[in-house]
Amino acid sequence: MGVLGPKMAFRVLVGCKRVIDYAVKVRVKPDKTGVVTDGVKHSLNPFDEIAIEEAVRLKEKKIATEIVAVSCGPPKCQEVLRTALAMGADRGIHIEVPDEEYASLQPIHVSKILAKLAAQEEASMIIVGKQAIDDDCNQTAQMTAAFLDWPQATFASKIEKTNGDLLVTREVDGGLETIKVKLPAVLSTDLRLNEPRYATLPNIMKAKKKKIDKKKPADLGVDITQHVEVLKVEEPPVRQAGVIIENAEQLVSKLREAGHIQ
Amino acid sequence: MTMHSRRVAQKLNFLLYRPFLTCGAKKYVSREYGKVSAAIVDELTSALGAENVSTSVAVREHHGHDESFHSSKPPEVVVWPTNVELVSKVVGLCNENAIPVIPFGTGTGMEGGVLAVQGGICINLTKMDQVVDVSPDDFTATVQPGVTRMALNAYLRDTGMWFPIDPGADASLCGMAATSASGTNAVRYGTMRENVANMEVVLPDGRILHTSGKGRATKKTVAGYNLTNLFVGSEGTLGVITQATLRLYGIPESMVSAICSFPDIKSAIETTVQILQCGIPIARIEFLDEVQMDACNRYGKLDYRVAPTLFLEFHGSEKTINQQVTEVGFSSGDVVRENGGTDFQWAEDEEERKRLWQARHEAWYAAKALAPGCTAYSTDVCVPLSKLSEVIVESRKDIEAAGVKGPMIGHVGDGNFHALLLAEPTKPDAKQTVISLAKSIARRALSVGGTCTGEHGIGLGKRMFLEDELGAVGVAAMRMVKRAFDPNNIMNPGKVLPSGDDDREDGESVKLQ
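The rules behind these values
Residues numbered from 1 in each chain as written. Chains lettered and ligands numbered in written order. Predicted model: local features only at pLDDT ≥ 70, side-chain atom pairs only at ≥ 80, totals over all residues. Heavy atoms only, no water. Helix = DSSP H or I, 4+ residues; strand = E, 2+ residues; numbered from the N terminus. Rg over C-alpha atoms; globule rule 2.2 N^0.38 Å. Buried < 20%, exposed > 50% of the residue type's maximum accessible area, 1.4 Å probe, protein only. Contact = heavy atoms within 4.5 Å. Lys, Arg positive; Asp, Glu negative; His and termini not counted. Charge placed at Lys NZ, Arg CZ, Asp CG, Glu CD. Core = buried A, V, L, I, M, F, W, Y, C linked by side-chain atoms within 4.5 Å. Pairing = 2+ DSSP bridges. Axes fitted to C-alpha atoms, helices over the stretch in contact; angles between N-to-C directions. UniProt positions renumbered as here; feature names shortened; annotations may be inferred. Polar contact = N/O pair within 3.5 Å; in protein donor to acceptor, adjacent residues only side chain to side chain. Parallel < 35°, antiparallel > 145°, perpendicular 65-115°, else oblique. Left-handed = near helix turned anticlockwise from the far one by under 90°. Disulfide = S-S within 2.5 Å. Buried area = accessible area lost by both parts, 1.4 Å probe. Salt bridge = Lys/Arg side-chain N within 4 Å of Asp/Glu carboxyl O. Nonpolar A, V, L, I, M, F, W, Y, C, P; charged D, E, K, R; others polar. Domains from an automatic or database assignment.

Within chain B one finds 18 helices and 18 strands. Computed over the C-alpha atoms, the radius of gyration of chain B is 24 Å, within 12% of the 24 Å expected from 2.2 N^0.38 for a compact globule of 513 residues. Once the C-alpha set of chain B is aligned to its principal axes, its extents read approximately 85 × 60 × 50 Å. In chain B, which comprises 513 residues, the proportion classed as buried is 55%. Considering only residue pairs separated by 6 or more positions, chain B has 71% of its internal contacts joining residues 24 or more positions apart. Between the centroid of the 51 positive side chains of chain B and the centroid of its 61 negative side chains there is a distance of 7 Å.

Turning our eyes to something else, we now look at the nonpolar core. Ranked by size, the top nonpolar core spans 52 residues in total, and within it B:Leu312 and B:Phe314 carry the most contacts. For this core, the element with the most residues is helix 17 (residues 430-447) of chain B, which contributes eight residues. With residues up to four places along the chain from it excluded, the contact list for B:Leu312 reads B:Val256, B:Ser257, B:Ala258, B:Cys260, B:Ile275, B:Ile282, B:Arg284, B:Ile285, B:Phe344 and B:Trp357. Grouped together as the second largest cluster of nonpolar side chains are 38 residues, A:Val14, A:Leu58, A:Leu81 and A:Leu187 included.

What follows deals with the sheet that holds strand 6 (residues 125-129) of chain A. Residues and elements named next belong to chain A. As summarised here, the arrangement of the nine strands in space is 9-8-7-10-6-1-4-5-11, forming an open sheet in which the pairing is mixed. The open sheet has two edge strands with one neighbour each: strand 9 (175-182) and strand 11 (212-215). For this sheet the average axis-to-axis angle between neighbouring strands, irrespective of direction, equals 30 degrees. Examined bridge by bridge, strand 5 (residues 91-96) and strand 11 share four bridges and lie parallel to one another. Across the sheet, Gly92 pairs through a bridge with Ile212, a residue of strand 11.

Attention now goes to the pairing of strand 17 (residues 408-411) of chain B. Residues and elements named next belong to chain B. By the alternation rule, side chains of strand 17 split into Met408 and Gly410 and Ile409 and His411, which are all buried. Pairing between strand 13 (residues 284-288) and strand 17: two bridges, direction antiparallel. Bridge pairing in strand 17 links Phe287 to Gly410. Pairing analysis gives four bridges linking strand 17 to strand 18 (residues 416-423), with the strands arranged antiparallel. Bridge pairing in strand 18 links Gly410 to Phe417. Where strand 17 folds back onto strand 18 in an antiparallel hairpin, the turn is made up of four residues, including Gly415, whose phi is positive at roughly 80 degrees.

Bringing the UniProt feature "domain: FAD-binding PCMH-type" (unreviewed entry) in chain B into the picture now. With numbering matched to this structure, UniProt assigns "domain: FAD-binding PCMH-type" (unreviewed entry) to residues 70-251 of chain B. Annotated as residues 70-251 of chain B, this span is 23% helix and 23% strand, and its ends, taken at the C-alpha atoms, are 37 Å apart.

The next thing to look at is the side chain of B:Thr211. Residue and element names in this part refer to chain B. Structurally, Thr211 can be placed in the loop between strand 9 (208-210) and helix 9 (227-231). Only 2.9 Å separates the side chain of Thr211 from the side chain of Thr228, close enough to count as a polar contact. Not counting chain neighbours up to four residues away, the residues in contact with Thr211 comprise Asn198, Met199, Val201, Leu227, Thr228 and Phe231.

Attention now moves to the side chain of B:His315. Residues and elements named next belong to chain B. Mapped onto the secondary structure, His315 falls in strand 14 (residues 309-316). A relative accessible area of 1% places His315 in the buried class. A distance of 2.8 Å separates a polar atom in the side chain of His315 from a polar atom in the side chain of Tyr189. Excluding its chain neighbours within four sequence positions, the residues that come into contact with His315 are Trp162, Arg188, Tyr189, Pro252, Ser254, Met255, Ala283, Arg284, Ile321 and Gln324.

Here we come to the packing of helix 10 (residues 265-277) of chain B against helix 16 (residues 385-401) of chain B. All names here are of chain B. Between helix 10 and helix 16, the least distance of the axes is 9 Å, while the angle of their chain directions is 165 degrees. Between helix 10 and helix 16, the crossing angle belongs to the class labelled roughly antiparallel. The handedness of the crossing between helix 10 and helix 16 comes out as right-handed. Where helix 10 approaches helix 16, its residues Ile265, Lys266, Ile269, Val273 and Leu276 are matched on the opposing element by Leu385, Leu388, Ser389, Ile392 and Val393.

So, on to helix 7 (residues 248-257) of chain A. Taking the backbone nitrogen of A:Glu249 as reference, a side-chain oxygen 3.2 Å away marks A:Asn247 as the first, capping residue of helix 7 of chain A. With its phi angle positive at about 80 degrees, A:Gly259 sits one or two positions after the end of helix 7 of chain A.

Here we take up the state of the cysteines. Applying the stated criterion across every chain yields a total of zero disulfides over all chains. We note that A:Cys77 lacks a disulfide partner, and the nearest cysteine sulfur, in A:Cys72, lies 7.6 Å from it.

Take the interface of chain B and chain A next. Listed by partner, the interface residues are 17 residues for chain B and 16 residues for chain A. In this assembly, chain B packs against chain A so that about 1400 Å² is buried in total across both faces, 53% of it on carbon and sulfur atoms. The interface formed by chain B and chain A contains four salt bridges. Between A:Asp21 and B:Arg157 there is a salt bridge whose closest N-O contact spans 3.2 Å. Seen at the junction of chain B and chain A, the total is four residue pairs in polar contact (both at pLDDT 80 or more). Mapped onto the side of chain B that touches chain A, the elements with two or more residues apiece are helix 5 (149-156) and helix 14 (350-361) of chain B. Looking at the side of chain B that touches chain A element by element, the count peaks at three residues for helix 14 of chain B. Looking at side-chain class alone, the side of chain B that touches chain A contains six nonpolar, three polar and eight charged residues.

Our next topic: the sheet that holds strand 6 (residues 140-143) of chain B. Residue and element names in this part refer to chain B. Ordered by their spatial adjacency, five strands build an open sheet running 5-6-10-8-9, and the pairing between neighbours is antiparallel. The strands lining the two open edges of the sheet, one partner per strand, are strand 5 (131-135) and strand 9. Strand-to-strand twist across the sheet, computed as the mean angle between neighbouring axes with direction ignored, equals 10 degrees. Inspection of the sheet shows strand 6 paired to strand 10 (residues 240-247) by four bridges, in the antiparallel sense. When the bridges of strand 10 are listed, Val143 appears paired with Ala244. Set on the sheet, helix 4 (residues 84-97) makes contact with strand 8 (196-202), strand 9 and strand 10; between it and strand 8 the angle comes to about 50 degrees.

Split into domains, chain B comes out as domain 1 (38-124), domain 2 (131-250) and domain 3 (255-457). The centre of domain 1 of chain B, based on its C-alpha atoms, is set 37 Å off from the matching centre of domain 3 of chain B.

Residue and element names in this part refer to chain A. Residue Pro184 is bonded to the preceding Leu183 through a cis peptide linkage, with omega at -5 degrees. Considering the arrangement of structural elements, one finds Pro184 in the loop between strand 9 and strand 10 (185-189). Even without a glycine there, the phi angle at Lys32 is positive, about 60 degrees. Along the polypeptide, Lys32 turns up in the loop between strand 2 (18-20) and strand 3 (42-44).

Moving on, we get to the pattern of salt bridges. Should the charged atoms of two oppositely charged side chains come close, the side chains can pair. Scanning the entire structure with this criterion turns up 38 salt bridges over all chains. The salt bridge partner of B:Asp166 is B:Arg284, with a shortest N-O separation of 2.7 Å. A residue pair is termed long-range when its members are at least 10 positions apart, and B:Asp166 in the loop between strand 7 (161-162) and helix 6 (173-178) and B:Arg284 in strand 13 qualify at 118 residues. Assigned by exposure class, B:Asp166 and B:Arg284 land together as buried. A salt bridge links B:Asp343 to B:Arg305, with the shortest nitrogen-to-oxygen separation between them at 2.9 Å. In this pair, B:Asp343 is assigned in strand 15 (residues 342-347) and B:Arg305 in the loop between helix 11 (290-300) and strand 14, connecting sequence segments 38 residues apart. Residue class for B:Asp343 comes out partly exposed when judged on its relative accessible area of 38%. Taking the relative accessible area as the measure of exposure, B:Arg305 reaches 47% and is therefore partly exposed. One network of salt bridges, with partners in common, ties together A:Arg11, A:Glu66, A:Arg91 and A:Glu121.

Written as structure tokens, this is what we have:
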């Protein structure tokens, strides 16, 4: 349990990205400029769901005092904010980015936005999913920490609060690493951090009454000019059928045909 | 009516008494089914596309068996239609040529329902995999056969609703409708019988039926006969289900799980009965006997008390749950303590609840691990609660006397239990012993007013009990229905109804292979 003075605010900012639902079979558009998103089911990025769950648990343990869910993008992003609110976030902030610009929005832009918001909202902690399941970038938490010059604890599989610090267990290649980070800090969640709760109907109803503020990147002084241009999106090559070889001579001649040997 | 037309009418009346005549279909006097010729395969290929037709041995073998102990009886060809019109075309083709039709979903049935005992065409419906519609205000979801129950619940998770029926496997929902599946929370949410509002079914003659009318799924209706529930549980013998509209429920605000041990089976069952009589809307109440608890401890490296145990789950708001848990386990004069229950543990957190229920979830594998390499058969009797304790105790005695390893788990809130009888590979005649045991358990259940199958279905192996259970008139009535819908007996032959004189098949009886 944290040691908090009665009036001390502990505001947690949670990044929520709207992505194609994990269960959907993703299809590449015929013009190869991207994937099909029209009419396709979207939902809150699973790792961000884990982030919201962790923030809600911190509030239930009376460590956090307020949870603010943030999402950047076109109007449909409000759906994931509603999910976050139904899970227990207190209010939402929708950073409006129209469709055309959203296509080129990158983690570097989002990190600048989160950094500015954290300062404005006087946040004690930012928590995001370790990566989004559409771009797999795994950059936002790290860049946000750099912009704020805050410590970062990424791939968290366990978070505990001790006095003014956080004790975070991270999943790394060699196993588990436990580090102490001073607050305020930026965290990113890994799969085993928690099992997110389902949004129940009464909570979905309550969430409709919670506030979602709208801001533009320009309001925060953030420039979202395109940095990266997507040249082509393709499906992975179709797996070719194998050929059963009858004998060694056939193997040699096939290898020769394919140019693998002289 | 003119003289001429009256004579025609008389002739038709006479012909109608012959069992095989129906409008539009050929009259069959031969007792043979049609074979799937190369011409038929060509017709299927041109209608469905080569990638949706397979005659490969491996594919057919896979489609000839399910999760039961029956060995594979492969169909002659497997097809994957991608819409209901194509299903209709295939079924119509089979009806014209007297070729059996076997609908196939996830192949997770427990009674050999998909075995192609007379060959024929297996229709694998899983390429039709859309969630067609979800209506949060109406609490309904319409799905195609390729949607499994876990897939639907994952789809619904943001809506605050779920479909609670949970048989062990991640089964096709339309397949669950075909077998009227049930699950561990039937005691609160019912089985498929109560939760299917409408279905799109392809009839044996190829016509497409909407059992409650196209697009309708009201909370109640009395418009004509209840066709929806005729097809629920028909195990593919009356038509092919191509879409189902299901009733959804709100995800419970809170769930609390608990377990407690009892000195004997009787007190565990008594506790169950009293919990239900107190009107506590318990969500799950599962019984594991001491043989099963021991198996679970060994398999999962757990250390639960080896005694008859109840696994309970409460759903509701925090307030109502606290009330329920108190009534059951904590206050003085509570149900559990009055019946000698001990070691009452409970859990609220998702992770803790999973840990507590681990034993119950692994039960099947833990049971099989008692005799590695064994063939396992699960009985499925369901009896009135007033007789449950006596039936379990007597069955336990028989299993011990036969020297068979047979842990028991039960959905005791429904009066349904499964004895997991293991036929060990090292014991001679093990399979015969297990079959006789299963039969005697079924007969005992029938003798106290129970049913031989609470949730798995009749399939291939339980047809012999149908007449004992329903009586001759009951079976005759079912035959009338079957003949009305499927006069050529192409729909999944050899299942559900025991073989009669005018059936083509040669009367398969239960065989462990």
